[in-house]
Amino acid sequence: MLDQLSALEAEALAALETVADSGALQAWHQRYLGKRGALTPFLRGMGQLPPEERPEAGQAVNRAKLALTEAYETREAALQAAERARSLSAKAVDVSLPGRPPSVGRLHPSTQTLRRVYSIFADMGFQVYRAPDVETDELNFELLNIPPHHPARDMWDTFYTTREGVLLRTHTSPGQIRAMREYCPEPIRVILPGLCYRYEQVTARSEMMFFQVEGLAVGKRITMTDLKGTMAEYARRMFGENRKMRFRASHFPFTEPSVEVDMDCILCEGKGCRVCKYTGWLEISGAGMVHPVVLRNGGYDPAVYSGFAFGMGVERPAMLVHGIDDIRYFFGNDMRFLRQF
Ligand code: PHE
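Position labels on residues start from 1 in each chain and follow its written sequence. In keeping with the model being predicted, local features are shown solely for residues with a pLDDT of at least 70 and side-chain atom pairs are shown and tallied solely at 80 or more, while totals for entire chains, interfaces and linings include all residues. The side-chain quantities take in all heavy atoms of the structure and omit both hydrogens and water.

So, the side chain of D262
Piece 1. We count a stretch as a helix when DSSP gives it H or I for four or more residues in a row; a strand needs E for two or more, and each element gets its number in order from the N terminus. Residue placement: D262 occurs in strand β7 (residues 255-264).
Piece 2. When its relative accessible area of 2% is taken as the criterion, D262 is described as buried.
Piece 3. The definition of a polar contact used here is a pair of N or O atoms within 3.5 Å, where within protein one atom must be able to donate a hydrogen and the other to accept one, and adjacent residues in sequence count solely through side-chain atom pairs. Polar side-chain contacts of D262 include one of 2.8 Å to the side chain of R248.
Piece 4. Two residues form a contact once any of their heavy atoms are found within 4.5 Å. In this structure D262 touches K244, M245, R246, R248, W281, L282 and E283, once residues within four positions along its chain are discounted. A simple rule labels every residue: compare its accessible area, found with a 1.4 Å probe on the protein chains alone, to the largest value its type can have, and call it buried under 20%, exposed over 50%, or partly exposed in between.

In structure tokens:
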């Protein structure tokens, strides 16, 4: 029996040498050390031996079991180490490669300009009032004193929806009516920023979509002086100290009197250049005193209340400040342009 045992031990150790992966190792374990493995009959057979042979045989079997178990564990550790080394070298990370920096997004130049405008007007007590881009003909035109077929509509041709009387607003002015109707009879000081749409030939100077900021102040003793002071302070904060302002007579159906607000050209300091078309002046805003009809449409009695309003572009000042010569860049989604701000 002892001969058979040592033959088995030798066979098992030899077989273990050829085991090359953990699957084969498990099979080996089952075959020799498992419950029904080759060693089990020796342990079981112990009872059939004459009592005096049992201690020696028992020790021999235990020694063989211990030897095989140790050999198994050594082999297992070696295989695991080899497998780990293999997977490390297969999935190797080259730590010397330069990292990929996360790209940081930024605000669109129109948004940046808008935020400067908000903070300038906030310092003068103006709140931001939001009004929708999709408007009714009534708010965009009629309540602003522009009846159907009025020739002034030519200035604000827009995109109409398939719903009768519903359109994309051509200016932020309809928000004046909304704000007045919401706050009446309280005094108002708001700016109304947002996109406007015009059915126009798209050129370097005009887009079919652009930002405007409307301003509206309504109260009991508001005069044109307040409008002028507000515009001058805006120009000073936006474009620098010592800006010269000029009010030029104009016409809008929803203001009376109406003006164009001009500022001396920041590029040539008023001497005359290509940007100001050699006039020395840049137009920054349409403005005026709120027309009595519009005040009444907003709910205010024009005999008691007065107000001023203005509406200015956002891309134009951004173009001036950054020297951008084509308004189409703003909505072209070209990263080469956007990355510069
Ligand atoms: N809504 C006018 C425009 O888009 C601008 C404006 C606003 C003029 C308010 C006067 C008062 O051209």
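Some thoughts on the packing of helix α1 (residues 2-18) against helix α2 (residues 22-32)
Piece 1. Relative to each other, α1 and α2 sit at 170 degrees, their axes nearing to 11 Å. One way to sum up the angle between α1 and α2 is to call them roughly antiparallel. Here α1 contributes L8, E11, A12, A15 and L16 to the contact with α2, which in turn contributes L25, W28, R31 and Y32.
Piece 2. Under the grouping applied here, Gly and all other residues not named as nonpolar or charged are polar, the nonpolar ones being Ala, Val, Leu, Ile, Met, Phe, Trp, Tyr, Cys and Pro and the charged ones Asp, Glu, Lys and Arg. For the contact of α1 with α2, the per-class residue count stands at 7 nonpolar, no polar and 2 charged. A fitted line through C-alpha atoms represents every axis, and for helices the fit uses only the stretch in contact; the resulting angles, taken between N-to-C directions, go from 0 to 180 degrees. Here is the rule for angles: anything less than 35 degrees is roughly parallel, anything more than 145 is roughly antiparallel, 65 through 115 is roughly perpendicular, and the remaining ranges are oblique.

Observations regarding the site of the ligand
Piece 1. If you check the shell around the ligand, you find 15 residues, and the closest are H171, S173, R198, Q212 and G311.
Piece 2. W156 is positioned such that a nitrogen or oxygen atom in its side chain is 3.5 Å from an oxygen atom of the ligand.
Piece 3. Notes on the ligand: free accessible area 320 Å², of which the protein chains cover 94%.
Piece 4. For the shell around the ligand, the secondary structure elements donating two or more residues are β5 (209-219), β8 (281-290) and β9 (306-313).
Piece 5. Here the shell around the ligand takes 3 residues from β9, the largest share from any one element.
Piece 6. Looking at side-chain class alone, the shell around the ligand contains 6 nonpolar, 7 polar and 2 charged residues. Any residue with a heavy atom lying within 4 Å of a molecule or strand is counted as near it. What sets the accessible areas is the Shrake-Rupley method with a 1.4 Å probe; for residues, cover comes only from the shown protein chains.

What about the domain arrangement of the chain?
Piece 1. Per the domain assignment, the segments of the chain are domain 1 (2-88) and domain 2 (109-338).
Piece 2. Residue ranges for the domains trace back to a domain assignment, done automatically or taken from a database. For domain 1 versus domain 2, the distance between C-alpha centres works out to 92 Å.

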